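Per-entry structural report
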Number of protein chains: 2
Amino acid sequence: MKILIVDDDAELRSHLVDILNEEGYETDFASSGKEALEKCQAQTFDIVLMDFMMPKMSGNEALKELRKHHPRTKVIMITAFASVENAVDAIKNGASDYISKPFKIDDFLTTIRRVIEETKFENRVKKLDQDKAFNAIASPIRRNILTMLSDSGPMRLMEITRELGIEDHTKVVFHLKILKEATIIEQDNERVYGLSEAGYKTIECLKKMEQILLD
Amino acid sequence: MKILIVDDDAELRSHLVDILNEEGYETDFASSGKEALEKCQAQTFDIVLMDFMMPKMSGNEALKELRKHHPRTKVIMITAFASVENAVDAIKNGASDYISKPFKIDDFLTTIRRVIEETKFENRVKKLDQDKAFNAIASPIRRNILTMLSDSGPMRLMEITRELGIEDHTKVVFHLKILKEATIIEQDNERVYGLSEAGYKTIECLKKMEQILLD
DNA sequence: GTTTGTTGTGAATTAAACTTCACAGGTTGA
DNA sequence: TCAACCTGTGAAGTTTAATTCACAACAAAC
């Protein structure tokens, strides 16, 4: 777990770094929003801990930029105790949580841990989705279905079945179900099968792989 | 099967087009090497039939260009009867076969059919290779092995086994064998496993897919 | 209103992928 | 030389994926 601490107050910054190091986290720090963005460009952090109030680029601006370019790193904002609206603002802009100054070390660590758990959980879910997608495109039949849907647009069950030259339609139903569970294809209310948003991305990948593998 | 006939002699050209159409092939024609390249750019041909001797861009030049930009379309050259060295030249430059002028229609068709059979065979083999590759990357374990080899360079069996946290090394052997059969990884004479040329391409694909699927 | 075609479900079977186990040759180091 | 480790094979067992079959709801066509 790599954590970046961003604060213009050198004393607080190094204090937080010490605490987190003691807990076994890998840390780095930045004294401004600009420096933080540069460090995030160079390496990948799991969590960024950022002060809301900073000179020049405000924490909120840096937050927006971060979420735009590194959607997978979580941001925790440090706000002044009084300003609830700042905290709400931060959440709206994509912060995972906020900590009000002054805070107890225990509360601080609890927040960090919770966000880490959330991150881990999200990653597990994404891994599962990925596994499904890779499995879905592992079968030649399913790849055929996908390229068909890509070339000819949405199709009905029996159209697909006949185009594939398969006699038993339940076999096709089986494969369509797998593609649907992987959210690669979807069915409209008239039961027509078509590529989903993720499906178009998958097709893109497929095309690239075929091209690369065929030469 | 789409065939492109390239010849500056309009009479011979339309004669060949007629013969091939009668045989049920889809045809198109061009009167110069330049025109042929343009047509190949716009659409994909399975076979290009090209006269060796043409004004301006020679058949040989056009052949080279074609092979460079469209390695999957086969080229059959038409040469003058006397010039054996031209035929040899054509083969060296990547032509699949050649036909000496004048020729009998039967011989001509036999050559066309042979090249078509070759193409079909090659495509079947490539399809099989592709299936293997997609299967190989369908397993999370094997994807882990690939990313490990990509990140850390070549590794020995037990290094891989321990890094994966697997107790039974024969399990890893099983997966390595599949990756080896898909020619994604290879073993040097000291039994160290490393990515093959196709392996690097596969990793590239994997990275792209992961990135696309994760967002 | 009966037939024909479409779109499914759920259980049973078959096939393929994966794992585990027993064993064995080869190398290294004490 | 003997013990410890690495690398692997082949068979048996387990699990998962894929196919086939029997059946059914629903719609359209005759």
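Structure's up top.
Description of the structure in this document. (Residues numbered from 1 in each chain as written. Chains lettered and ligands numbered in written order. Predicted model: local features only at pLDDT ≥ 70, side-chain atom pairs only at ≥ 80, totals over all residues. Heavy atoms only, no water.)

What about the interface of chain A and chain B?
Condition: Residue contacts follow a heavy-atom distance rule, with two residues in contact if any of their heavy atoms lie within 4.5 Å. Buried area: the sum, over both parts, of the accessible surface (1.4 Å probe) that disappears when the two are put together. Criterion for a salt bridge: a side-chain nitrogen of Lys or Arg within 4 Å of a carboxyl oxygen of Asp or Glu. N or O atoms closer than or at 3.5 Å make up a polar contact, with two conditions inside protein: a donor-capable atom paired with an acceptor-capable one, and, for residues adjacent in sequence, both atoms drawn from side chains. Strands are runs of DSSP state E lasting at least 2 residues, helices are runs of H or I lasting at least 4, and numbering of each runs from the N terminus.
At the interface, 23 residues of chain A touch 23 residues of chain B. By the criterion of area lost to chain B, the three top residues of chain A are Phe 134, Met 209 and Leu 214 of chain A, representing 27% of everything that side buries. Counting across the interface, chain A meets chain B through 2 salt bridges. We note a salt bridge from Arg 143 of chain B to Asp 131 of chain A, for which the minimum N-O separation is 2.6 Å. Counting across the interface, chain A meets chain B through 2 residue pairs in polar contact (both at pLDDT 80 or more). If you list the elements that add at least two residues to the side of chain A that touches chain B, you get α5 (105–136), α6 (140–152) and α9 (197–214) of chain A.

Structural notes on the protein's contact with DNA strand C
Applicable threshold: The rule for a residue being near a molecule or strand is that one of its heavy atoms must lie within 4 Å of it. Amino acids are sorted into nonpolar (Ala, Val, Leu, Ile, Met, Phe, Trp, Tyr, Cys and Pro), charged (Asp, Glu, Lys and Arg) and polar (every other residue, Gly among them).
Close contacts around DNA strand C come from 18 residues, with Arg 156, Arg 162, His 169 and Tyr 193 of chain A together with His 175 of chain B the closest. For DNA strand C, the fraction of atoms within 4 Å of the protein that belong to sugar or phosphate moieties is 56%. One of the side-chain N or O atoms of Arg 156 of chain A is found 2.8 Å from a phosphate oxygen in DNA strand C. Contributing elements (two or more residues each) for the surface near DNA strand C: α7 (157–164) and α8 (169–181) of chain A together with α6 (140–152) and α8 (169–181) of chain B. For the surface near DNA strand C, a count of residues per class yields 6 nonpolar, 5 polar and 7 charged.

Concerning the pattern of salt bridges
Residues and elements named next belong to chain B. Under the counting rule described, the total for this entry stands at 18 salt bridges over all chains. A salt bridge links Arg 114 to Asp 97; the nearest nitrogen and oxygen atoms lie 2.4 Å apart. You can see Arg 114 sitting in helix α5 (residues 105–136) and its partner Asp 97 sitting in strand β5 (residues 97–101), a full 17 residues away along the chain.

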